[in-house]
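Residue-level structural notes
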Amino acid sequence: MSRDRYKPDLKSRMDLDVVNMFVIAGGTLALPILAFVASFLLWPSALIRIYYWYWRRTLGMQVRYVRHGDYQFCYSFRGRPGHKPSILMLHGFSAHKDMWLSMVKFLPKNLHLVCVDMPGHEGTTRSSLDDLSIDGQVKRIHQFVECLKLNKKPFHLVGTSMGGHVAGVYAAYYPSDVCSLSLVCPAGLQYSTDNKFVQRLKELQESAAVEKIPLIPTTPEEMSEMLQLCSYVRFKVPQQILQGLVDVRIPHNTFYRKLFLEIVSEKSRYSLHRNMDKIKVPTQIIWGKQDQVLDVSGADMLAKSITNSQVELLENCGHSVVMERPRKTAKLLVDFLASVHNTDNSKKLD
């Protein structure tokens, strides 16, 4: 029944009941509730930041900063280095360290985890002089590793999408740093035929329409389209949250465009492809079968070039593997580490 069918006096009594509820509460509950509603409706980006803060705190992830000269890295961590390899996690394009939280939830608490903001992202320094090419990012991550002395003992390196591109090249350039590698639908491979997404990108490059890159949304509608592009699972995201996600990103979109054009340039586009045969450590390749961004055939391409590798293809999963299948991805990672390093796997999902 529509609202205009209600009797006026009934509506008035309902409004009065709501007012009375807040009066009776004496403001104790009213203010927090009103603050939450206001945040959701008026400042959804603030709510998103609170969400990440809450989950970091709940999962025991602590945020720290470390400097290499005048360059600052921001990272989160849990645990301490031990007899098991530390795990360094590299996020994808325009994301940040907190994208791993959904997967961290399912990882054992006795692992030493480090999630870093990639160059120019979130709390890590953004400089107009920075080399944003894949090689440049690899060098920056190596600086970060040395700052933490993470390579005092070889560590396990994980990367997804752009982060997977960087991780693969890192393993090729600094083989003594890395004991094993997980590549989650990495960028950087050269395919014999382009999928629809890559074809569209090339058309945009040729027309110099950098304002329309699908991975850099500027409206809630474009954000929804990007989520559908990256995910096989269709998330029902409220309009306010879509707006919040856009609001968080808009101040950084100029940087994202610059970065995007750099990583798809001739110098960087196929860096992983050129270096994949130099990867000698045990390598796990995880890919969503329904990936619309980077074709799943890349998994077989990597497996043929990396001698000691294994492939895990996930059904009903797109490009955002960590978001869509966090529990499964965590289990695959822990099982892989156990098989490669002969560690106790009995508490893999506490």
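If you look the chain up in an unreviewed UniProt entry, it shows as Monoacylglycerol lipase ABHD6 from Ovis ammon polii. Recorded in UniProt for the chain, the comment headed Sequence similarities (unreviewed entry) runs: "Belongs to the AB hydrolase superfamily."

Some points on helix α10 (residues 253-263)
Along α10, the positions that sit buried rather than exposed are N253, F255, Y256, R257, L259, F260 and I263. Of the surrounding secondary structure, the elements contacted by the buried residues of α10 are α5 (134-148), α6 (162-173), α7 (196-206) and α9 (239-249).

Here's the deal with the packing of α5 against α6
Between α5 and α6, the shortest axis-to-axis distance is 9 Å and the interhelical angle comes to 70 degrees. What the angle tells us is that α5 and α6 run roughly perpendicular. Packed against α5, whose contacting residues are I134, D135, Q137, V138, I141, H142 and V145, the element α6 presents M162, H165, V166, V169, Y170 and Y173 at the interface. The residue makeup of the contact of α5 with α6, split by class, is nine nonpolar, three polar and one charged.

A few points about the environment of S271
For S271, the location among the structural elements is in helix α11 (residues 271-275). The buried category is assigned to S271, whose relative accessible area is 2%. Distance in space between the C-alpha atoms of S271 and V169 is 7.0 Å, their sequence separation being 102 residues. In this structure S271 touches I134, D135, H165, V169 and G188, once residues within four positions along its chain are discounted.

Describing the layout of surface pockets
Reported here for the second largest pocket is a volume of approximately 290 Å³. The wall of the second largest pocket is formed by 18 residues, among which P81, S86, H112, L148 and L150 lie closest to the centre. Considered class by class, the residues forming the lining of the second largest pocket number nine nonpolar, four polar and five charged.

Observations concerning the packing of aromatic side chains
Considering all chains together, one arrives at 11 aromatic pairs under this definition. Residues Y75 and F77 carry aromatic rings whose centres are separated by 6.2 Å and whose planes lie at 40 degrees to one another, so their mutual orientation is tilted. Overall, the relative accessible area of 10% leaves Y75 in the buried class. Clustering of aromatic rings is evident, with ring pairs tying together Y71, F73, Y75, F77 and F144. Lying across the ring of Y71, R140 places its NZ or CZ 3.6 Å from the centre.

Things to note about the pairing of strand β7 (residues 283-288)
Taken across its six residues, β7 has six buried, putting it largely inside the fold. Bridge count for strand β6 (residues 178-184) against β7 is four bridges, and the pairing is parallel. By the bridge assignment, L181 is partnered in β7 with T283. The sheet contact formed by β7 and strand β8 (residues 309-314) spans six bridges and is parallel. In the strand pairing of β8, G288 is matched with L314.

Observations regarding the confidence of the model for the chain
When pLDDT is averaged along the chain, the result is 87; 84% of the residues meet or exceed 70. Across residues 1-8, confidence stays below pLDDT 50; counting only partners more than four residues off in sequence or on other chains, it has zero contacts. Counted against residues more than four places away or in other chains, residues 345-350, with its pLDDT under 50, gives 17 contacts.

What counts, and at which threshold
Residues numbered from 1 in each chain as written. Predicted model: local features only at pLDDT ≥ 70, side-chain atom pairs only at ≥ 80, totals over all residues. Heavy atoms only, no water. UniProt positions renumbered as here; feature names shortened; annotations may be inferred. Buried < 20%, exposed > 50% of the residue type's maximum accessible area, 1.4 Å probe, protein only. Helix = DSSP H or I, 4+ residues; strand = E, 2+ residues; numbered from the N terminus. Contact = heavy atoms within 4.5 Å. Axes fitted to C-alpha atoms, helices over the stretch in contact; angles between N-to-C directions. Parallel < 35°, antiparallel > 145°, perpendicular 65-115°, else oblique. Nonpolar A, V, L, I, M, F, W, Y, C, P; charged D, E, K, R; others polar. 1 Å grid on protein atoms, 1.4 Å probe; cavity = no way out; pocket = protein on both sides within 12 Å on 5 of 7 lines; lining within 4 Å. Points joined across faces, edges and corners; volume = space filled by probe spheres on them. Phe/Tyr/Trp six-rings, centres within 6.5 Å; stacked < 30°, edge-to-face > 60°. Lys NZ or Arg CZ within 6 Å of the ring centre and 35° of its normal. Pairing = 2+ DSSP bridges. pLDDT = per-residue confidence, 0-100.

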